[in-house]
Every structure is written in C-alpha cells, then in structure tokens.
Amino acid sequence: MKILVAVKQVAALEEDFEIRADGKDVDEDFMLYDLNEWDDYSLEEAMKIKESSDVDVEVVVVSVGPDRVDESLRKCLAKGADRAIRVWDDSAEGSDAIVVGRILTEVIKKEAPDMVFAGVQSSDQAYASTGISVASYLNWPHAAVVADLQYKPGDNKAVVRRELEGGMLQEVEINCPAVLTIQLGINKPRYASLRGIKQAATKPIEEVALGELSLSADDVGAGKSMSRVRRMYVPEKGRATMIEGTLAEQAAKIIQIINEFKGA
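These figures come from a predicted structure and were not determined experimentally. (Residues numbered from 1 in each chain as written. Predicted model: local features only at pLDDT ≥ 70, side-chain atom pairs only at ≥ 80, totals over all residues. Heavy atoms only, no water.)

1. Concerning the packing of helix α2 (residues 70–78) against helix α5 (residues 194–202)
- With their axes 8 Å apart at the nearest point, α2 and α5 run at an angle of 130° to one another. On the basis of the axis angle, α2 is oblique to α5. For the pair α2 and α5, the sense of crossing is right-handed. Note on element contacts: α5 touches α2 through Gly196, Ile197, Ala200 and Ala201, opposite Arg74, Leu77 and Ala78.
- Considered class by class, the residues forming the contact of α2 with α5 number five nonpolar, one polar and one charged. (Axes fitted to C-alpha atoms, helices over the stretch in contact; angles between N-to-C directions. Helix = DSSP H or I, 4+ residues; strand = E, 2+ residues; numbered from the N terminus. Parallel < 35°, antiparallel > 145°, perpendicular 65-115°, else oblique. Left-handed = near helix turned anticlockwise from the far one by under 90°. Contact = heavy atoms within 4.5 Å. Nonpolar A, V, L, I, M, F, W, Y, C, P; charged D, E, K, R; others polar.)

Have a look at this one:
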C-alpha cells in the first residue's frame, strides 16, 4: 500500500522587500522558504493511516522545484515519510499550478500509489487547483477541502467529510484510488524529533528529470501555462477621512466626494 503526498515549498516575504527588475515577482533575496502549511496536514493524515494500519504502508512525498526544495522534503522525511522525490528542470521555471499538476501526474503514474493527498491550497498563491488538476489528468475520483477522512489501507472506498461554504459540511463516499485535498484542522501535525531530523539528513532525495517522466521542455514552463504574472507591484496606500458636521453637512460632503470621483 502506498500513499503519495504532493508538497510544496512556499515563500513568505520579509518585512522589507524589493520587486524584481522585470516587475513580475519579489526579489528572491527577500523571501523566506518553508513547507506549505496545508501540506503539513496532508502528510500527517498519511502518517496516521500508516501508523494505524496492520499492513505495510509507504508514504512518499513529491515536490516540483529547484535544489532549495530539498530542505522542505527533509522536513517531511524527519516527520516519518519513507521516501522523497523532487522533480526539476530549469525549463519548468514559470509553470503555473496546472502544469505542475501535469508533472505530478507523471510521477504518480510511475509510482502507482493507492491514494494521493495534497493540501487544499498553498499559502503563497492560494490557487487551490494543483490537486484537482492532478485528479483531472488521472481521471480519478477526487474530493476537495477534506476535513475528516475514514479510510483503511486496501479499502476500495473512503468516507470523507468536506467543508462547504457557509459553515456547511458534506459527507460523501468516494471510490479509491482517489485524490484528496486536505484542509487545515483535520489533525494535529507532529513535530520532527531530533532523531528523525538526524535520520532525514542521511536519507537520499530522489531527483527525477523531465525525460524520465516522458516530458520535455516544451511541455512545461510559462509557455505551456494557462496563466502568467504580467506585473507585480505594491498598491498605493490610501487614507481615511472622518466626515464631521450635521447629518445634512455630512450628506452634502459625501455627494461632493462622489461627484469629484466621477469627475462631475
């Protein structure tokens, strides 16, 4: 039995930062990188299944990204993941969530897992589309925003409870194998032990090239993406103005502001 967990290394901004010269992103020198919070919960859910099972369960974490992603993958290994795989090629730079989903799909076909977990979204971009695109490419059943999971290794069905809008919950039965995107709060992610950290430092991270996945440079990158960043900038800061006076005076002032905004 194998569970594949797709993870991402996300970027957070330092208090002071600068936009890159091309205006399309923040200068990397001002970014702090860490494992995506949602993916931490996905990994923990896989580990819970592994530890409660009577059969052998292998947990494999996979990420698409450059060398620095190894740090986040080692964090997953320190928390108990059995293997870590990183896919990268310089031509993949600029790939959007859908292209990343396609890359992950080829890894999944190669690994042939019984279940695939991913975080609902990433904290840096919040597109919430990578996991669902994987399900589409695989043509597998899927459930998004999973807040509770009842599944035993070897079962051909799982029961999931999903978060809906307005505080509603939906409980559904889904055929397996399936792709599930995991929501925050489904569990309590563990801390990596000192022993786990030391062991993770010696474990290999499998590096996979696009050619090993039947993909080429023409299949990835900004050119194959359905969306791209045109410009990134810091919005101008406005200021609030208190309108004083009687109700009639306040109303007249509001009308004046509206007319000035409309150019009337």
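Still more ground to cover, so stick around.
2. Looking at a negative patch on the surface
- Together, Glu14, Glu15, Asp16, Glu18 and Asp29 give the surface a local cluster of negative charge.
- Tracing the backbone through its elements, the reader meets Glu14 in the loop between β2 (9–13) and β3 (31–35).
- For Glu14, a relative accessible area of 32% translates into the label partly exposed. (Patch = residues over 30% accessible without salt bridge, like charges linked within 9 Å, V, L, I, M, F, W, Y side chains within 5 Å. Areas by Shrake-Rupley, 256 points an atom, 1.4 Å probe, with all protein chains shown as cover. Salt bridge = Lys/Arg side-chain N within 4 Å of Asp/Glu carboxyl O. Lys, Arg positive; Asp, Glu negative; His and termini not counted. Charge placed at Lys NZ, Arg CZ, Asp CG, Glu CD. Buried < 20%, exposed > 50% of the residue type's maximum accessible area, 1.4 Å probe, protein only.)

3. Brief notes about the sheet that holds strand β10 (residues 179–182)
- The sheet built from nine strands is open, its strands ordered β9-β8-β7-β10-β6-β1-β4-β5-β11 with mixed pairing. The sheet is open, and its two borders are formed by β9 (169–175) and β11 (206–208), each paired with just one other strand. Neighbour-to-neighbour, the strand axes of this sheet turn through a mean angle of 35°, independent of strand direction.
- Bridge count for strand β6 (residues 115–119) against β10 is four bridges, and the pairing is parallel. Across the sheet, the residue bridging to Val116 is Val179, located in β10.
- Each of β1 (2–6), β4 (58–64), β6, β7 (142–150) and β10 is contacted by helix α1 (residues 37–52), which is oriented at about 150° to β6, the strand it contacts most.
- Strands β6, β7 and β10 of the sheet are contacted by helix α4 (residues 130–138), whose axis makes an angle of about 175° with β10. (Pairing = 2+ DSSP bridges.)

4. Description of the packing of aromatic side chains
- Summed over the entire model, instances satisfying the criterion amount to zero aromatic pairs.
- For the cation-ring pair, Arg68 lies above Tyr33, with the distance from its terminal atom to the ring centre recorded as 3.9 Å. (Phe/Tyr/Trp six-rings, centres within 6.5 Å; stacked < 30°, edge-to-face > 60°. Lys NZ or Arg CZ within 6 Å of the ring centre and 35° of its normal.)

5. Some words on the packing of helix α3 (residues 97–111) against α4
- Axis separation between α3 and α4 bottoms out at 8 Å; the angle between their running directions is 55°. When the interaxial angle is binned, α3 and α4 end up oblique. Between α3 and α4 lies a crossing of right-handed hand. Residues Ala97, Ile98, Val100, Gly101, Arg102, Leu104, Thr105, Ile108 and Lys109 of α3 touch α4, and the partners they reach there are Thr130, Ser133, Val134, Tyr137 and Leu138.
- The residue makeup of the contact of α3 with α4, split by class, is eight nonpolar, four polar and two charged.

6. Re the side chain of Asp219
- Here Asp219 shows up in the loop between β11 and α6 (247–262).
- The buried category is assigned to Asp219, whose relative accessible area is 19%.
- At a separation of 2.9 Å, a polar atom in the side chain of Asp219 contacts the main-chain amide nitrogen of Ser216.
- Excluding anything up to four places from it in sequence, Asp219 contacts Val99, Arg102, Ser214 and Lys224. (Polar contact = N/O pair within 3.5 Å; in protein donor to acceptor, adjacent residues only side chain to side chain.)

Geometric values such as these leave the question of function open.
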